[in-house]
Amino acid sequence: MMRKVGLDFGTSNSGVAVYDGHSVRLLPIDRQNIIPEVVKSVLYITRDYKCSIGQAAIDQYYRANVNRLRRFVRQWAGEIDYSGGEIQYVRDVYVFVDELQPGRLLQYLKTVLRKDLPGGYVGTQVFERYFTVADLIRVYLGQMKERAEEILGERIQGVTLGRPVKFADTPEQDRKAEETLRQAALEAGFREVDFELEPVAAALFYEQSMTRPGNVVVFDFGGGTLDIAVMRLGNPQSRKVFASGGVDIAGSDFDRAIIEKRLLAQFGLGRVGQQPEVLEMIQAVPDWIALPELATPQNRNILEKAIRAGLAPARLKSLLALIYNDLAFTFYNQVEAAKIALSSRGAAVISLDDQKIPVWELYTRRQFENDIQEYQAGVEKVILDTLAASGLEPAQIDAVVKTGGSSNIPLFTEMLGRLFGQEKVVQSDAFSSVAAGLAIRAAATLTLD
Amino acid sequence: MVTPQKIEEWIKEAEERPESGLLILKLIAGRLRDLTERNEELLSENIALQDGTRVEEYRKRIAYLENQLEILTRRLGESEAGLVSGVAGPPKEATANLLAYTALGRILRIELVEATLGPGAQLGCLTGELQAGGEPVHLMIVREEEELLLLFTSGRISTHPVGGLRAVPSGEVWSLDEAGLPDEPHAGEQLACILPLSRLVLSDYFMQASRRGFVKKTMTSMAQSVLENHYLGRGAVQKTDRPLAMTLCKKGEQVALATLEGHLLGLNVDDLSYTTEERLRLEPHDHVVSLFGVSPEATMVFLTQSGKVIQRAAQSLEPAKSALSKGQALISPARLEQGVRFVGAAAVHAPDRILVLDAKGNLSLHLVSDLAGSGALPDENPLLTFCVLPGRP
C-alpha cells in the first residue's frame, strides 16, 4: 500500500504524522529533541554542504560557531556600471568574506515564502552555492521525509502539507508561495502533494475527540501566522467550513516587540547619541536576518573606536560580543524562552550572563502584555471578521479550539473567553494537532496506487 | 540596568498578581547574589591593581613574551639566512641533525642525509668514550634552527643554537673526540640533559626528573628569569642524586618515568607540585632512565640492553594515585634475575623511526611499525641508548 503522511511545515516547529483510519501516530522525527515529535524548523548547512535539521542543526551550530575565530578576506564580487554625465563608469565590487565560517544556520524558512517580490528574499548564497527558497525548503522536507521513512520502514510517496489561510496579502503572491512549497515537496521526493489549511487540519484532529456535532472556532496561533477557521464538526458527512481567515501576526512579532521595547537599551540605545553607524547596528538587533550580517571588519572597527572613545563602552561591548561571538541565535532563544515562560508565570529573566554578556532583564507578564497590546486589537479584529463571514453569532459557537505555541499566551486566552465564554475555550495539542489533522486529511485524499 | 520605571512595573505586576511577587523577589535575590559575588571579585582585582601586584604580574608576562619573541626572531633570522644561502648555492640535501652528547659536555652534531635513513640502515660507528662520566652517550634528533637548553647537574643552564655546533657530515665513523664543547661543565658538575626549546612557547611547564625518582615542574612563564639567571634548579634533593632528564609539557598532559629495572610510572602533570618531590619509590640499585610526555594516541616503547622491544599503548599508562609509588613492573622477576634491564623508553607513533646505539658504537635505524612485528632488534651487541626520529622515512 502506498504511504501518504501529513506534514506540518511550521514557522518555528514542524512535525510528521500518519493515520491508519483509527488513530493518529506522530512520528518521533527528532530524537535529540526533548519532544521527539516536534522538529525545530531550522536548517544548518556546513561549508561542505552537509545539511542537518532540528536539534542536530542547533547543536552543530553551537558547537562550531559560538565564540569561534573569524578571518575576513576580500573577494571580488562582480562589477557595477554607472554613468556620470556622458561618461560610463565600471567599478569592481569587493566583499569581505569570513573564510573560517564553518556553516550557516537558517530559520524561519516558511516566513520567507511570504515575502513579496521584487526586492524580497528569494534565496541566499551559502558559501559557493546559491540556494533559492525552494532549494532550502526542499532540503528540509527531504530530511524530514528520510527520517519518517526510516521510522516507518517504508517509502513515503505522498504528503498533505499544511498552509496558512493567508500566505500573503495578494492572491498572486499567495498562489506563488503555495507553488514554491509544492515544488520543493516534489523535489524532495514526494510524488503526490496536496494542501490543507492549517486551522482546518487542527479541527480535523479535534473532531476525533468530539462526542456530538457542533460549531467550532479554531484559533491556530503559531510562530509565523494566526489562522482562524469557523467550522461545523462532529459528523464527517456534514462537516463544513463556514469561514476562514488569517493575519500575519504571530510569535516572532512578539519576540521582536520584546527586543525593541525592552532590550535595545542593553546594547546602547539612548546612550550613543548621534552616531548613525552605531545606531544602525543597535537597531538591527531585533532583525534575525540582519544581525549575523553585521559581523564585518568595518563594523568591528566602528564599534571598537566608539568603545575607546568612551561611548557607552559596557553596552557596546555587549553588542560587539553579540555580533562577533555568533550569539544572535542564543539571544533570540532566550527571548523566546522568556516569552513562553510568561504564559505560565508572572515573571521571567532574559539573560546572557552565562555568555559573559552583561544582559539581564527581569520581565513581567504585565510588561509583556503592554508590549504586545497593539497586536491584540489586530487579533481580535480577525476573529470577529471571520466569525462575521461565517454568519454565526458568538453564542452559536460550541467550542473554541486553541492550537499553536502562541495560543498559550494568557492575554489571548482571556480574549477568547471574553468573546465566546471561558468554558468554551479548549486547548488542543499546541505543537502537534496540525500535523495530526494533516495525517487524517492525507489518509482521506490518498490517490496513489 | 534597573531604572525606577522598571521597579515600578515590577511592583505593579506583584500588586496585580500577588503570586508573581514571590517569584520576582526570588529572581531579584538571585541576581543580587550573583552581583555580590562579582563585586567581591572586582574589589579583589581593584586591590591587586592598586597595590601593584597585577602590574608586576603583567610586567613578568610582558618580559616572558619578549623573550619568546626574541627566540622566535632568532630562529626566523636563521631560517631566512638559510633561505638566502639556498638561493645562492645548489639545493641542499634534506638532512637530520643527530646530536650525541656526553656527561662531560661534549656534543657531536652529525648531519645525516635523509635519503640514507631507510629502515634497517646501518648509519655508521661512533668511537671514543661512549660512557664518559659514568653515563652512556645520549642521542637526540633536532632541527638545525633549533635552540638548545643545556641543563647541568648543578641546576645551571645555558642555551646554545644547534646551528652554532660544528657539524660533521654523514660518514662511516665519527669520533666523540671531534665533538665540540659549547659550554664546558664547571668544576664538580656534568651535563645532565639537553632540551630543544622550540616548543617552549606552546608549553606550560618544564618537567624535570632525577635519577632517584624525584620530579619537579616549573612554569614556562618564568622562562625569562630562568634564562636570565642561568639557573633552573637540580630537581633533586639528595646529594647523591642528580638531574637526569627534562621535557616540556602542557597542562592536562601525562608524563611517564621508566627505570632501569623495568618500572613505569605515569604522572598527571596537573597533580605535580612546583617543589621537588619524590614520586617513584626505587630499589637502591634501580634508577630512572627516561622521562617522556605521553599523548593519548602514542605508543610507549621500552628497549632492553639485549635488544628486546616492549610496546604499550598510551592508554595503558595508569597515572599514579599516591604520592609515592613503585609504578607498573614491565620486566618479570625471572627476567630481572637474568640481568634484563631497560636502556631507555620513549613515546612513539607508527611512522617514526628509532635510532639505536650499541655498546660498540654502531648506529642503526629501525621503523617503529617493524618493531611491533619482530619484538626485538637484530643487533647482536648490547644496546646503550636510543632516540626517536619523527616522521615517515
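Keep in mind that this is a model prediction, so the values were computed, not measured. (Residues numbered from 1 in each chain as written. Chains lettered and ligands numbered in written order. Predicted model: local features only at pLDDT ≥ 70, side-chain atom pairs only at ≥ 80, totals over all residues.)

Peer 1: Which residues make up the overall build of chain B, and what are the values?
Peer 2: Regarding its fold elements, chain B presents 6 helices and 23 strands. Looking at chain B as a whole, 35% of its 393 residues are labelled buried. A separation threshold of at least 6 residues defines the contact pool for chain B, and within that pool the share at least 24 residues apart is 73%. (Helix = DSSP H or I, 4+ residues; strand = E, 2+ residues; numbered from the N terminus. Buried ≥ 20, exposed ≤ 12 C-beta atoms within 10 Å, placed from the backbone. Contact = placed C-beta atoms within 7 Å.)

Peer 1: Any details on the overall build of chain A? Residues and values, ideally.
Peer 2: Along its length, chain A carries 15 helices and 20 strands. Going through the 449 residues of chain A one by one, you find that 44% of them count as buried. Restricting the contact set of chain A to residue pairs at least 6 apart, pairs at least 24 apart contribute 68%.

Peer 1: Could you give an account of the interface of chain A and chain B, with specific residues and numbers?
Peer 2: Listed per partner, the contact involves 12 residues of chain A and 14 residues of chain B. The set of elements that each furnish at least two residues to the side of chain A that touches chain B consists of β17 (347-351), β18 (360-364) and α12 (365-371) of chain A. Partitioning the side of chain A that touches chain B into residue classes produces 5 nonpolar, 4 polar and 3 charged. (Nonpolar A, V, L, I, M, F, W, Y, C, P; charged D, E, K, R; others polar.)

Peer 1: Got a sec to walk through the nonpolar core? Specific residues and values, please.
Peer 2: Note that soluble globular proteins tend to have their nonpolar side chains buried in a common cluster. By size, the foremost hydrophobic cluster in this structure holds 90 residues, and its most contacted members are Ala100, Leu151 and Ala256 of chain B. With 6 residues, the top contributor of residues to this core is strand β20 (residues 342-348) of chain B. Residue contacts for Ala100 of chain B: discarding those within four places in its chain leaves Leu108, Ile110, Leu126, Val137, Leu139 and Leu176 of chain B. Core analysis: the next-biggest nonpolar cluster, separate from the first, contains 89 residues, Val24, Ile53, Leu136 and Ile383 of chain A among them. (Core = buried A, V, L, I, M, F, W, Y, C linked by C-beta atoms within 7 Å.)

Peer 1: Quick rundown of the packing of helix α3 (residues 133-152) of chain A against helix α4 (residues 171-187) of chain A? Include the residues and the values.
Peer 2: Residue and element names in this part refer to chain A. Their axes nearest at 8 Å, the elements α3 and α4 cross at an angle of 45°. It follows from the interaxial angle that α3 and α4 lie oblique. The two elements α3 and α4 meet at a crossing, and its hand is right-handed. Contacts between α3 and α4 involve Val133, Ala134, Ile137, Arg138 and Leu141 from the first element and Thr180, Leu181, Gln183, Ala184, Ala185 and Glu187 from the second. Taken together, the residues that form the contact of α3 with α4 break down as 7 nonpolar, 2 polar and 2 charged. (Axes fitted to C-alpha atoms, helices over the stretch in contact; angles between N-to-C directions. Parallel < 35°, antiparallel > 145°, perpendicular 65-115°, else oblique. Left-handed = near helix turned anticlockwise from the far one by under 90°.)

Peer 1: Talk me through the pairing of strand β7 (residues 72-84) of chain A; I want residue IDs and the actual numbers.
Peer 2: Consecutive side chains along a regular strand alternate between the two faces of the sheet. For β7 of chain A, the buried fraction is low: 0 of the 13 residues fall into the buried class. Where β7 of chain A hands over to strand β8 (residues 87-98) of chain A, the hairpin turn is made up of 2 residues, of which Gly85 of chain A adopts a positive phi near 70°. (Pairing = 2+ DSSP bridges.)

Peer 1: Describe in detail the sheet that holds strand β7 (residues 167-168) of chain B, supporting the description with residues and values.
Peer 2: Residues and elements named next belong to chain B. An order of β4-β1-β2-β7 is seen for the 4 strands of this open sheet, with the pairing classed as mixed. The two strands at the open ends of the sheet, each matched to only one other strand, are β4 (138-142) and β7. When strand β2 (residues 107-113) meets β7, the two strands line up parallel, connected through 2 bridges. Paired with Ile110 across the strands is Val168, a residue of β7.

Peer 1: Explain unusual backbone geometry residue by residue, including any values.
Peer 2: Residues apart from glycine generally show negative phi values, whereas peptide bonds are mostly found in trans. At Tyr49 of chain A, a residue that is not glycine, the phi angle is positive and equals roughly 60°. Take Tyr49 of chain A: it is sitting in the loop between β5 (42-46) and β6 (51-53). According to the C-beta neighbour criterion, Tyr49 of chain A is partly exposed, with 13 such atoms within 10 Å. With a phi close to 55°, His230 of chain B is a non-glycine residue in the positive phi region. Its location among the elements puts His230 of chain B in the loop between α4 (223-229) and β12 (243-249). A tally of 13 C-beta atoms within 10 Å means that His230 of chain B is categorised as partly exposed.

Peer 1: If you had to explain helix α13 (residues 373-390) of chain A to someone new, which residues and values would you point to?
Peer 2: All names here are of chain A. Helix length check: α13 (18 residues) gives 27 Å between terminal C-alpha atoms against 26 Å at 1.5 Å per residue, within 8%. Each element contacted by the buried residues of α13 is listed here: β15 (226-233), β16 (240-247) and α14 (410-420). Within two residues after α13, Gly391 carries a phi angle of roughly 80°, on the positive side. (Expected span 1.5 Å × (residues − 1).)

Peer 1: Requested: an account of the environment of Leu267 of chain B, with residues and values cited.
Peer 2: Assignment of secondary structure puts Leu267 of chain B in strand β14 (residues 263-268). Setting aside its immediate chain neighbours within four residues, Leu267 of chain B contacts Val215, Gln254, Val255, Leu272, Arg279, Pro319 and Ala320 of chain B.

Peer 1: Account for the sheet that holds strand β17 (residues 299-304) of chain B, with residues named and values stated.
Peer 2: All names here are of chain B. Spatially, β18-β17-β20 is the arrangement adopted by the 3 strands of the open sheet, whose pairing is antiparallel. Pairing within the sheet leaves two strands with one partner each, and these edge strands are β18 (309-313) and β20. Each strand axis lies, on average, 20° off the axis of its neighbour in the sheet, ignoring direction. Where β17 and β20 come together, 6 bridges link them in antiparallel fashion. Its bridge partner lying in β20, Met300 is registered against Ala347.

Peer 1: Tell me about helix α2 (residues 18-50) of chain B, and please be specific about residues and values.
Peer 2: Across its 33 residues, α2 of chain B extends 47 Å between first and last C-alpha, which sits within 8% of the 48 Å expected from 1.5 Å per residue. Two residues or fewer after α2 of chain B comes Gly52 of chain B, characterised by a positive phi angle close to 90°.

Peer 1: So what about the environment of Thr275 of chain B? Which residues, and what values?
Peer 2: Secondary-structure assignment places Thr275 of chain B in the loop between β14 and β15 (277-278). In the structure, Thr275 of chain B is positioned 40 residues away from Gly235 of chain B in sequence and 8.2 Å away in space, judged by C-alpha atoms.

Peer 1: So, the pairing of strand β10 (residues 205-210) of chain B: which residues are in play, and what are the values?
Peer 2: Residue and element names in this part refer to chain B. Where burial is concerned, most of β10 is hidden: 6 out of the 6 residues are buried. One ladder, built from 5 bridges, connects β10 with strand β11 (residues 214-219); its direction is antiparallel. Note on β11: the bridge partner recorded for Ala209 is Val215. Counted along the chain from β10 to the antiparallel partner β11, the turn is 3 residues long, and its residue Gly213 has a positive phi close to 85°. Where β10 lies against β12, 6 bridges are found, and the strand directions are antiparallel. Counted as the bridge partner of Gln208 is Met246 from β12.

Peer 1: Kindly report on the environment of Val216 of chain A, identifying the contributing residues and their values.
Peer 2: Residues and elements named next belong to chain A. Relative to the helices and strands, Val216 resides in strand β14 (residues 214-221). Taking the C-alpha atoms as reference, Val216 lies 4.9 Å from Ala399; in sequence the two are 183 residues apart. Apart from the residues within four sequence positions on either side, Val216 is in contact with Ala203, Tyr206, Met231, Leu233, Asp398, Ala399 and Val401.

Peer 1: Run through the packing of helix α1 (residues 4-16) of chain B against α2 of chain B, naming residues and quoting values.
Peer 2: All names here are of chain B. Where α1 contacts α2, the axes come no closer than 5 Å and their chain directions differ by 135°. When the axis of α1 is compared with that of α2, the two are oblique. Here Trp10, Glu13 and Ala14 of α1 come into contact with α2, specifically with Pro18, Ser20, Gly21 and Ile24. Residue classes in the contact of α1 with α2 are distributed as 4 nonpolar, 2 polar and 1 charged.

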